[in-house]
Every structure is written in C-alpha cells, then in structure tokens.
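Chain by chain, the residues:
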Amino acid sequence: MTPVGTARAGDPERGTLDKAADENFPVAPFFLPRAWRADLMAVYGFARLVDDIGDGDLAPGGADARLLGVCAEEAGDRLVLLDAFEADLRRVFDSTPRHPLLRRLQPTVRRTGLTPGPFLGLIAANRQDQLVKRYETYDDLLAYCELSANPVGRLVLSVTGTSTPERVRRSDAVCTALQIVEHLQDVAEDLGRDRIYLPSQDMKRFHVRETDLAAPTAGASVRALVAYEAERARNLLNEGTPLVGSVHGRLRLLLAGFVAGGRAAIRAIAAAEHDVLPGPPKPGKIQLLREVGVTLRGKG
C-alpha cells in the first residue's frame, strides 16, 4: 500500500486532504484569511473524495464505505457509493452527515450559504464516468466539464462572497481549461481506466486510434492531437483570465494561481513535445511562480 493509501486507511479525512499538494493549482494557500482556507479545504475535501469514489481510488479496507453506511458486499460498487455519498451530502443541509469530510463541510455551507447544486453536479460527473467512457465531440466534453469542473470555481466565488454572472462565466472558462489540461496530462492513466477524454471526432481528424494511446511514447499524430487540445485549453484560460483583474487583494492572488497553474501545465506539456504517454508532464515551482507574475500583470 502506498503512503497515501496507508493514510487513507487509518484516517480517511486526512488522507484525502493531503492530496491537495499534488494539484495543478493552489487549493488553500497560506496567504488567504484563515476562514477562507478552512472553507476552501472543506470544499476541496468533498471534491477530492467524490473523485476518488468515481475513480475507484479509495483505500483498501472500505473505511469510507463504512462511514457512508455501505455494507462490505457493496463497497466496490462505485454507483452504490456515489448514491450513499449523495445521501450524506443532503444531510449537510438538513441534519448531521456521517462522513467526517462532510461534517467538516457543514459549517462552511451554513456560514456562506452554499446550495446543493454545485456539489450535486460533481457527483453527477462521477456517475457519468461510470457510464460514459468516450466523448464524440468537443461540445460533449464541454458538457461534461460543466459538471466535473465548473462547480468548483463557482464554489470558490461563493465562499469568498464575490460571485456575479460575469465572474461565473469567466470562472467556468478557467475551470473547463484546467479540466482539459488534466485530461491531457492523464491520457495514459485514464486509458487504464477505459476512459478517453480526447473527443472522438478530433482523434479521427488527426488519425489517432485508441491503440496509439496505449503506446509507451506518443507518435506524431498523437502529439499533434495533444497540441491541438492544449491550444483549446490555452484559449479558454485567456478567455477566463479577466476574472483575476475583477477582484482585489489576496483573492486576486489565489485566482492568478489557478490560471497560472493551467498555463504552467500547458507549458510543461509543450516542453515534453506533447508526449504525455510516459506520464503526466508537471511544471516546476519556478515556472509556476513566473506564470503567476505574468497573470497578475495582465499578460499571457
């Protein structure tokens, strides 16, 4: 068992929250007010756990399943677990949830007036992952991102009391871009789960077959396809970047970190010559800080 797996088995709450350090973007950096950090970590804990359920990444031993009231015989059924998780989420709004990550979330919900909608969207995305393994068009992928990514940005705006229709629109562009970038980094890992988030129409256009994605390194066609999708993500990030300039203070720095994380990841993919098959290209801290500076200056 990996160290993270060991942590999850002994302390599911801590094991989930510790994954924040591996994300492409800062989850709850030190410079934010303490209340914001607590609220953002509570939201992250929910989002990370629902993804772990959907990906089958829960620790051996079924600790999370037991906390959600799922019997051992059904602990391996992701749809059953997602149903139980949704039921526990609803307790956040009207009673007392069973899972410690949802109990952590409850004060945030009460203090900031969060509604069930964004949380239910994230659960729906993970249900979709159990049923939909391929996406025919880019629009189909965008519809998935509306469930799997955009709710996170909306929750951040709500937690910080800065949500407006225009900011939500910009935030959606940033979050969709970050989701696409993550899919590009994880092509090989996703294929191992029998999932492909590269639109089938685009694969045909670039003459990429599914077997090409299983190779140890990418050929010219796969690299061209990855470059094409990365450019789409870059354009979405540029569309969403004005969100950063629309807020002030430490929130501006946080949102710049989100945008910069996406830009730095795209640069890392390009530095790998768009060969994402050996493993996810990851940016270094210096590159990330450089991108934060560029974003704060309103350039890109």
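Residues numbered from 1 in each chain as written. Predicted model: local features only at pLDDT ≥ 70, side-chain atom pairs only at ≥ 80, totals over all residues. Heavy atoms only, no water.

A. Fine view of the packing of aromatic side chains. In this structure the tally under the stated criterion is seven aromatic pairs. Aromatic pair Y135 and Y144: ring centres 5.4 Å apart, planes at 45 degrees, arrangement tilted. Ring geometry for F206 and Y228: centres 5.3 Å apart, planes at 45 degrees, overall tilted. Of this pair, F206 sits in the loop between helix 12 (200-205) and helix 13 (220-240) while Y228 sits in helix 13; the two residues are 22 residues apart in sequence, bridging distant segments of the chain. (Phe/Tyr/Trp six-rings, centres within 6.5 Å; stacked < 30°, edge-to-face > 60°. Helix = DSSP H or I, 4+ residues; strand = E, 2+ residues; numbered from the N terminus.)

B. Focus on helix 16 (residues 285-296). With twelve residues, helix 16 ought to run about 16 Å at 1.5 Å a step, and its terminal C-alpha atoms sit 16 Å apart, in line with that. Taken together, the buried positions of helix 16 are E291, V292, G293 and T295. Contacts made by the buried residues of helix 16 are with helix 14 (242-245) and helix 15 (249-271). The positive-phi residue at the C-terminal boundary of helix 16 is G298, with phi of around 75 degrees. (Expected span 1.5 Å × (residues − 1). Buried < 20%, exposed > 50% of the residue type's maximum accessible area, 1.4 Å probe, protein only. Contact = heavy atoms within 4.5 Å.)

C. Focus on the side chain of D172. In this structure, D172 sits in helix 10 (residues 165-185). According to the relative accessible area criterion, D172 is buried, its value standing at 12%. In terms of polar contacts, D172 uses its side chain to reach the side chain of R154, at 2.5 Å. Leaving out residues up to four positions away in the same chain, D172 has contacts with E146, N150 and R154. (Polar contact = N/O pair within 3.5 Å; in protein donor to acceptor, adjacent residues only side chain to side chain.)

D. Expanded view of the pattern of salt bridges. Throughout the structure, instances matching the rule amount to 25 salt bridges. Note that E136 is salt-bridged to K204, the shortest N-O span being 3.8 Å. Residue E136 is located in the loop between helix 7 (116-131) and helix 8 (138-148), and its partner K204 is located in helix 12; the two are separated by 68 residues in the primary sequence. Residue E136 is classed as partly exposed on the basis of its relative accessible area, which comes to 37%. Here the salt bridges share partners, and the residues they tie into one network are D83, E86, R90 and R127. (Salt bridge = Lys/Arg side-chain N within 4 Å of Asp/Glu carboxyl O.)

E. Representation of empty space enclosed by the protein within the structure. Counted under the stated rule, the structure contains two cavities of 30 Å³ or more. The space that makes up the largest cavity amounts to roughly 110 Å³. In terms of lining residues, the largest cavity is bounded by 15 residues, among which H183, L184, V187, Y197 and L198 are the most central. For the lining of the largest cavity, the elements supplying multiple residues, two or more each, are helix 8, helix 10 and helix 11 (187-192). Taken together, G153, V156, L157, S171, V174, C175, L243, V244, L255, F258 and V259 make up the full set of residues lining the second largest cavity. Elements with a contribution of two residues or more to the lining of the second largest cavity: helix 9 (150-159), helix 10, helix 14 and helix 15. Split into classes, the residues belonging to the lining of the second largest cavity amount to nine nonpolar, two polar and no charged. (1 Å grid on protein atoms, 1.4 Å probe; cavity = no way out; pocket = protein on both sides within 12 Å on 5 of 7 lines; lining within 4 Å. Points joined across faces, edges and corners; volume = space filled by probe spheres on them. Nonpolar A, V, L, I, M, F, W, Y, C, P; charged D, E, K, R; others polar.)

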